[in-house]
Amino acid sequence: MRAATWTEPGTGRYRRISAALFLAGFSTFSLIYAVQPLLPELVDEFGISPSASSLALSLTTGFLAFSILCAGAVSETVSRRGLMFGSMTGAALLHIGGALAPSWHAVLALRALEGILLGGVPAVAMAYLAEEIHPRALGAAMGLYVGGTAFGGMMGRVGIGILAEFASWRTALGVLGAVDLAAALGFFALLPASRNVVRRRGMSLVHHRDAWLKHLRNPGLPLLFAIGFLVLGAYVSTFNYLTFRLTAAPYGFSQGQISAIFTVFMFGVAASTLAGSLADRLGRGPVLIAGVLTMAAGTALTCLAALGGIFAGIVAVTAGFFIAHAVASGWVGRMAQGSKGHAASLYLLAYYLGSSLMGSAGGWFWSAAGWPAVTGFNAGLLALALALALRLNWIEKRAPA
């Protein structure tokens, strides 16, 4: 086996990779989560319940989860750059189609297809970084990619909300789709071809099965997969139903005010980049634990009635989530022994299933007992995530250097 040709930090190639993967993260998350601030608008437009409106997000992330599993396998045999570019382009075009959809069921069908296409980005991006970036700089590079997802999530939510208030939700979706088409072109122009990927001939199902099973037998990887499921589930549940809380009395927020709240994602951009660098220096376990604890503290603060307390809680939940995700996603690439695309796809399968299943499940708690019930649900998810993070930290301390 030939020695890897690593991309070193500070080089032009490193900067091109970082910028391209930032655009990939931006495009993916802006397309996925653009509908989140529009859920009350969709309730009014189509005469559906709050829980049903969350399907516009849950279907996308649910189909995305399974598509990622397939994309991680396919990426072992085809151009990773081409696969990511095709996925970004097709998803942006479907997003524009969603702006023209005549019915609620048409919206859901297009959102499901969008999730299928977007599966070609996240797992492949994680595998690309793990194979191309020098291990000592992988945490920082992964943190920048996750920062791109945070920035995309913020711009999608904020931009969509502002446009929806002054134009319409359909115009907002169409404009975002056009922006993400441009992001796909920028990504393709910037990203260098893979240098270290080992191409595999054919599409043997036995090979893929064995690769997935190997990762599931690893003592640490399944814990990382479960943490991704839990932290994203709590995060999406928080923001899905916070919109309904703040548009109702006594707050009565407008669509524009709701969207402005999502500017807290800038804290996610900073937190994820910082977390990746800290994990490289201090160890992944302690930083991961700190991220989960920060989320838990923020969840408690959102129970306050004062807007200042709620906002502080949102900031803490956002920063904690992106810390936890940046560390966990980078740790998958370091812990996986070979077939990194398969390992990344398993992590992201669990991650987006958490968004889809727990994001919708939070609606049952909202309908039953309002925000206190949603908070209790999220606290339970985070308590499990903390227990798993502590176990991972124990494993890391006993691993050979």
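None of these values were measured; they are calculated from a predicted model. (Residues numbered from 1 in each chain as written. Predicted model: local features only at pLDDT ≥ 70, side-chain atom pairs only at ≥ 80, totals over all residues. Heavy atoms only, no water.)

Draft legend 1. Here's a closer look at the confidence of the model for the protein chain. For the protein chain, per-residue confidence averages 86 on the pLDDT scale, and residues scoring 70 or more make up 95% of the total. Looking across the protein chain, the model is least confident in helix 12 (residues 255–261), with a mean pLDDT of 76, and most confident in helix 14 (residues 284–301), with 95. (pLDDT = per-residue confidence, 0-100. Helix = DSSP H or I, 4+ residues; strand = E, 2+ residues; numbered from the N terminus.)

Draft legend 2. Examining the nonpolar core more closely. Core analysis: the biggest nonpolar cluster contains 130 residues, and L21, L129, V231, Y235 and Y352 have the highest contact counts within it. A total of 22 residues in this core trace back to one element, the largest contributor, which is helix 16 (residues 340–398). Not counting the four nearest positions on each side in its chain, L21 is found in contact with A125, Y128, L129, Y145 and L191. (Core = buried A, V, L, I, M, F, W, Y, C linked by side-chain atoms within 4.5 Å. Buried < 20%, exposed > 50% of the residue type's maximum accessible area, 1.4 Å probe, protein only. Contact = heavy atoms within 4.5 Å.)

Draft legend 3. Structural detail: the pattern of salt bridges. Under the counting rule described, the total for this entry stands at 5 salt bridges. With its nearest N and O atoms 3.8 Å apart, the salt bridge here joins E45 to R170. Placement of E45 in helix 2 (residues 39–46) and of R170 in helix 9 (residues 169–190) is noted, with a sequence separation of 125 residues between them. Taking the relative accessible area as the measure of exposure, R170 reaches 25% and is therefore partly exposed. Close ionic contact of R111 with E114 constitutes a salt bridge, the shortest N to O distance being 3.5 Å. Of this pair, R111 and E114 both sit in helix 6 (residues 104–118), 3 residues apart, roughly one helical turn. Each member of the pair, R111 as well as E114, carries the same accessibility label: buried. (Salt bridge = Lys/Arg side-chain N within 4 Å of Asp/Glu carboxyl O.)

Draft legend 4. Looking closely at the packing of helix 8 (residues 138–166) against helix 13 (residues 265–282). Look at helix 8 against helix 13: their axes get within 7 Å of each other, and the N-to-C directions meet at 170°. In terms of orientation, helix 8 and helix 13 fall into the roughly antiparallel class. Of helix 13, the residues touching helix 8 (which contributes L138, G139, A140, G143, L144, V146, G147, A150, F151, G153, M154 and R157) are F265, M266, G268, V269, S272, T273, G276, S277 and D280. Here the residues of the contact of helix 8 with helix 13 are counted per class, giving 10 nonpolar, 9 polar and 2 charged. (Axes fitted to C-alpha atoms, helices over the stretch in contact; angles between N-to-C directions. Parallel < 35°, antiparallel > 145°, perpendicular 65-115°, else oblique. Nonpolar A, V, L, I, M, F, W, Y, C, P; charged D, E, K, R; others polar.)

Draft legend 5. Molecular detail of the packing of aromatic side chains. The full count for this structure, using the stated rule, is 15 aromatic pairs. Plain terms: the ring middles of F26 and F151 are 5.8 Å apart, the flat faces sit at 35° to each other, and that makes the pair tilted. Linking F26 in helix 1 (residues 12–33) with F151 in helix 8, this pair joins segments that are 125 residues apart in sequence. Arranged with centres 4.2 Å apart and planes meeting at 10°, the rings of Y235 and F321 form a pair that is stacked. With Y235 in helix 11 (residues 221–247) and F321 in helix 15 (residues 307–335), this pair connects stretches of sequence that are 86 residues apart. The exposure class of F321 is buried, given its relative accessible area of 0%. Through a chain of ring-to-ring contacts, the aromatic side chains of Y235, F239, F321, F322, Y347, Y351 and Y352 assemble into a single cluster. Against the face of F188 rests R81, its NZ or CZ located 3.9 Å from the ring centre. (Phe/Tyr/Trp six-rings, centres within 6.5 Å; stacked < 30°, edge-to-face > 60°. Lys NZ or Arg CZ within 6 Å of the ring centre and 35° of its normal.)

Draft legend 6. Examining helix 13 more closely. Over its 18 residues, helix 13 runs 25 Å from end to end, which matches the ideal 26 Å to within 8%, given 1.5 Å per residue. Within the sequence span of helix 13, burial applies to F265, G268, V269, A271, S272, A275, G276 and A279. Where the residues of helix 13 are buried, they touch helix 8, helix 11, helix 14 and helix 15. Trailing helix 13 by a residue or two, G283 shows a phi angle of about 105°, which is positive. (Expected span 1.5 Å × (residues − 1).)

Draft legend 7. Fine view of a nonpolar patch on the surface. Side chains of F63, L113 and I116 sit close together on the surface and give an oily, nonpolar patch of about 250 Å² of accessible area. With respect to the helices and strands, I116 occurs in helix 6. (Patch = residues over 30% accessible without salt bridge, like charges linked within 9 Å, V, L, I, M, F, W, Y side chains within 5 Å. Areas by Shrake-Rupley, 256 points an atom, 1.4 Å probe, with all protein chains shown as cover.)

Draft legend 8. Quick peek at the side chain of S355. Examined against the element boundaries, S355 turns out to sit in helix 16. Excluding residues within four positions of it along the chain, S355 makes contact with Y33, S58, T61, L232, G233, V236 and S360.

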